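Structure assessment
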Amino acid sequence: MRNRPVVLVRGFLTGGVAGVFLAAVVVGIILSYELLIAGGVCLLAVYVLIRYLAGLPRRTREAEVPPYLALAVIESLEAVGGETSDIPVKFDLTVAPDDAPAFRVEFTQDINLADLPDYRPRRILVVQYPPDRPLKVRIVKRPAPDWEERASSARLDSAPGPARASEAVEGCGAPLVGFLGLLLGAALVVLLFRADLSDHNDSGTARPSVSSSSTSSSSTTSVSSASGTVALGPGQSFLEEGVLGRTVAGLARGADRQRALTVVVQERLLTVVFAPAGARAAPRIDLDSLPYERVPALVKEATTTLGVASPRTWQVIADGLTGRVALRVSVSGSEGTAYLEADGQGQVVRRVSAGG
């Protein structure tokens, strides 16, 4: 009973580590997140190593102390399974130490099938057990000659009371606590990654892999799980007031607004690139925070102040690859390509002229 708190804590930790490991593997497979799987495996390996090292002193002490030998009589036995030459047999013994009262114990030990007829009720055996754990009994199959002689001539009476299968340290508490730890460990991993799991489910059920529809007579929208594209008709431009912001809002709805990696804007073509379902590596951008109203002014500045006299094309790219939202406005013409960079508020932070 002195070890009961230790057993309960150890059972809870073991269950918790097992729950974290199993959930990490399952969630990592669902999200294609190899680092999570590796983390679960490493946690399990470290815990097993700690358990092994923590038990090493006790095992060393037990190895240094010789086991206690005693005579025992078989009260009953029962083969409980096995299809090999060694089968598990459940024994009920009365153990009679030389310097302590006799006691009953129940345990299971593998016995060779050919030797099984030698084990019968009322036969006297030689057993051994650690001095501090008398219920951890094992049958000595080949005792020393003096103990074998004692066993052949001894007569033992049955000890009163039922046989004890263990020291009743754990009872049903340790398995229950271990199961609770398993549930809590698994729940912890699921809660930490619930947003990614929700995004994964939304991306898998929100729409088919590719869908195209004509939203009006002058624009075309194409949406897939990886990107969304809007092409405006002749005479229209994303530089017109309010057009860019409204189009992005209509293109990316719900969970997709949290999966955007890059926004690319040209005169009449808009493309939003989404992160693959479950991917965590690439930084994402908040579509609601982009300075859409500053895009026309940035394009005008790039096409008039960076040394490109006759601009043929321009392009705006917004991403968060550096950890912060950044806009890059490039313009190309006969003089070459020039660009300027702006921060998440649309303020210019760098200019590179054509040929520079």
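Before any of the text, the structure's been laid out above.
So, here's what we can say about the structure. None of the values given here were measured: they were computed from a predicted structure. (Residues numbered from 1 in each chain as written. Predicted model: local features only at pLDDT ≥ 70, side-chain atom pairs only at ≥ 80, totals over all residues. Heavy atoms only, no water.)

1. Some remarks on the overall build of the protein chain
The number of helices and strands found in the protein chain is seven helices and 14 strands. A total of 356 residues make up the protein chain; the buried ones form 35% of that total. For the protein chain, contacts bridging at least 24 residues in sequence account for 57% of all contacts bridging at least 6. About 20400 Å² of surface is accessible on the protein chain, with carbon and sulfur atoms providing 58% of the total. (Helix = DSSP H or I, 4+ residues; strand = E, 2+ residues; numbered from the N terminus. Buried < 20%, exposed > 50% of the residue type's maximum accessible area, 1.4 Å probe, protein only. Contact = heavy atoms within 4.5 Å. Areas by Shrake-Rupley, 256 points an atom, 1.4 Å probe, with all protein chains shown as cover.)

2. What about the packing of aromatic side chains?
Think of a pair of aromatic rings as described by two things: how far the centres are apart, and how the planes are tilted against each other in angle. Counted according to the given criterion, the structure contains five aromatic pairs. Ring centres of Tyr68 and Tyr129 lie 5.5 Å apart, and the angle between their planes is 35°; on these two criteria the pair is classed as tilted. Of the two residues, Tyr68 is situated in strand β1 (residues 68–79) and Tyr129 in strand β4 (residues 124–129); the sequence distance between them amounts to 61 residues. By relative accessible area, Tyr129 is classed as buried at 6%. (Phe/Tyr/Trp six-rings, centres within 6.5 Å; stacked < 30°, edge-to-face > 60°.)

3. Focus on a positive patch on the surface
A cluster of basic residues, Lys136, Arg138, Lys141 and Arg142, forms a positive patch at the surface. By secondary structure assignment, the location of Arg138 is in strand β5 (residues 138–139). (Patch = residues over 30% accessible without salt bridge, like charges linked within 9 Å, V, L, I, M, F, W, Y side chains within 5 Å. Salt bridge = Lys/Arg side-chain N within 4 Å of Asp/Glu carboxyl O. Lys, Arg positive; Asp, Glu negative; His and termini not counted. Charge placed at Lys NZ, Arg CZ, Asp CG, Glu CD.)

4. Remarks on the nonpolar core
Judged by nonpolar contacts, the single largest core of 34 residues is most densely connected at Phe238, Leu244, Val263, Val265, Leu270, Leu287 and Val316. Every element with two or more residues in this core is listed here: β8 (227–232), α6 (243–251), β9 (260–265), β10 (269–274), α7 (295–305), β11 (311–319), β12 (326–333) and β13 (336–342). In this structure, Ala70, Ile87, Phe91 and Phe103 belong to the second largest nonpolar core, which totals 19 residues. (Core = buried A, V, L, I, M, F, W, Y, C linked by side-chain atoms within 4.5 Å.)

5. Here we look at the environment of Ser227
With respect to the element layout, Ser227 can be found in strand β8. By relative accessible area, Ser227 is classed as partly exposed at 23%. Separated by 36 residues in sequence, Ser227 and Val263 place their C-alpha atoms 9.7 Å apart. Apart from residues no more than four positions distant in its own chain, Ser227 is found in contact with Ser222, Val272, Val273 and Phe274.

6. With respect to a nonpolar patch on the surface
On the surface, a nonpolar cluster with roughly 430 Å² of combined accessible area is contributed by Val9, Phe12, Leu13, Leu180 and Leu184. Counting residues per element, the ones that place at least two in the nonpolar patch are α1 (4–31) and α4 (173–192). It is α1 that provides the largest number of residues to the nonpolar patch, a total of three residues. Among the structural elements, Leu13 can be located in helix α1.

7. Topic: unusual backbone geometry
Phi at Arg122 is positive, roughly 75°, even though this residue is not glycine. You can call Arg122 partly exposed: its relative accessible area is 42%.

8. A short note on the sheet that holds β4
Across the sheet, which stays open at both edges, the five strands sit in the order β3-β2-β1-β4-β5 with antiparallel pairing between neighbours. The outermost strands of the open sheet, each flanked by one partner alone, are β3 (103–112) and β5. Relative to strand β2 (residues 86–96), β1 is paired through eight bridges, and the arrangement is antiparallel. Residue pairing in the sheet places Val73 in a bridge with Thr94 of β2. Against the sheet, helix α3 (residues 145–153) touches β1 and β4, its axis set at about 55° to β1. (Pairing = 2+ DSSP bridges. Axes fitted to C-alpha atoms, helices over the stretch in contact; angles between N-to-C directions.)

9. Observations regarding the side chain of Asp92
Within the secondary structure, Asp92 is located in strand β2. A polar contact is formed between the side chain of Asp92 and the side chain of Arg104, at a distance of 2.8 Å. Ignoring any residue separated from it by four or fewer positions in sequence, one finds Asp92 in contact with Val73, Ile74, Glu75, Ser76, Arg104, Val105 and Ala163. (Polar contact = N/O pair within 3.5 Å; in protein donor to acceptor, adjacent residues only side chain to side chain.)

10. Quick notes on the environment of Ala114
Within the secondary structure layout, Ala114 lies in the loop between β3 and β4. For Ala114 and Asp86, which are 28 residues apart along the polypeptide, the C-alpha to C-alpha distance reads 8.8 Å.

11. A few points about the pattern of salt bridges
Inspection of every chain in the model, using the stated rule, returns seven salt bridges. Asp92 is the salt-bridge partner of Arg104, the closest N and O atoms lying 2.8 Å from each other. Remark: Asp92 occurs in strand β2 and Arg104 occurs in strand β3; sequence separation between them is twelve residues. Among the ionic pairs, Glu301 bridges to Arg351, the shortest N-O distance being 2.6 Å. Here Glu301, found in helix α7, pairs with Arg351, found in strand β14 (residues 348–352); they are 50 residues apart in sequence, far enough to count as distant. One salt-bridge network, in which partners are shared between bridges, spans Arg328, Glu341 and Arg350.

Note that all results are geometric; they support no functional claim without further evidence.
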